[in-house]
Amino acid sequence: MKYTYIMSFIVTAIIVVLSLFTPREMPSNTLSAIEKKPHIQSNKKESNQFSKPIKKEEKELLARLVHAEAKGEPYQGKVAVATVVLNRVEHEDFPDTVHEVIYQKNQFQPVANGHINQKPSKEAVQAVDDALKNHDELTDALYFWNPDISDVEWMNKLDVVKVIGDHHFAI
């Protein structure tokens, strides 16, 4: 029942977006984003999936971080937060596991304030799944922050590649 409701909501949203544009006016990235349908699961293994194995416990931990860091942010922002952690796991300058990246000293506020221990929302869990499935199609960002609440000066020197909601994503 929930799946049917969600699918009808998504279809309605797509129709509304499409009705706002004639074919000549629609931005090309809008159509490609609609065609990707990241919310639909497939049994086919995609070549753009996250390249390293991730344990169930790490997936849960990542969902808890996404929940704590991106509560109130748009869904795509939640996916991008998860993607930053996955990018760090693959990057030579960061630890090699999700657990080590999240618990690296002074990296994520929810670790320091204990919010990392809250149960993740279903949306945060889905955002992690989408980040894992569509990893190569997402941002290359290694950092994110909300400039309205973060006053870390060195972040202002980073190359911002995307802004989603209140978060800036940078490399």
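Relevant structure appears above.
This text gives an overview of the structure that appears in the document. (Residues numbered from 1 in each chain as written. Predicted model: local features only at pLDDT ≥ 70, side-chain atom pairs only at ≥ 80, totals over all residues. Heavy atoms only, no water.)

### As for the packing of aromatic side chains
Heads up, the condition is: Stacked, edge-to-face and tilted are the three classes for Phe, Tyr and Trp ring pairs, Trp counted by its six-membered ring, which pair at centre distances within 6.5 Å; planes under 30 degrees apart are stacked, over 60 edge-to-face, the rest tilted. Helix and strand assignments come from DSSP, with helices taken as H or I runs of at least 4 residues and strands as E runs of at least 2, each series counted from the N terminus. Three exposure classes are used, based on accessible area relative to the maximum for each residue type with a 1.4 Å probe and protein chains only: buried under 20%, partly exposed in between, and exposed over 50%.
The full count for this structure, using the stated rule, is four aromatic pairs. When the centroid spacing of 5.5 Å and the interplanar angle of 80 degrees are considered together, the rings of Tyr 143 and Trp 154 count as edge-to-face. Of this pair, Tyr 143 sits in strand 1 (residues 143-145) while Trp 154 is found in the loop between strand 1 and strand 2 (160-164), placing the two residues 11 residues apart along the sequence. On the accessibility criterion, Tyr 143 (18% relative accessible area) is buried. Linked through ring pairs, Phe 94, Tyr 143 and Trp 154 together constitute an aromatic cluster.

### Description of the packing of helix 4 (residues 75-90) against helix 7 (residues 122-133)
For clarity, the cut-off: Axes here refer to lines fitted to C-alpha atoms; in helices the fit is confined to the stretch in contact. Angles between the N-to-C directions go from 0 to 180 degrees. Each angle receives one of four descriptions, namely roughly parallel if under 35 degrees, roughly antiparallel if over 145, roughly perpendicular if within 65 to 115, and oblique otherwise. Left-handed describes a crossing in which the near helix is turned anticlockwise from the far one by less than a right angle; the clockwise case is right-handed. For this analysis, residues touch if any pair of their heavy atoms sits within 4.5 Å. All amino acids are sorted into three groups, where Ala, Val, Leu, Ile, Met, Phe, Trp, Tyr, Cys and Pro are nonpolar, Asp, Glu, Lys and Arg are charged, and the leftover types, Gly among them, are polar.
It is the contact of helix 4 with helix 7, at a shortest axis distance of 8 Å, that shows an interaxial angle of 55 degrees. When the interaxial angle is binned, helix 4 and helix 7 end up oblique. For the pair helix 4 and helix 7, the crossing hand works out as right-handed. Contacts from Tyr 75, Lys 78, Val 79, Ala 82, Thr 83 and Leu 86 in helix 4 reach Glu 123, Gln 126, Ala 127, Val 128, Asp 130, Ala 131 and Leu 132 in helix 7. Considering only residue class, the contact of helix 4 with helix 7 consists of eight nonpolar, two polar and three charged.

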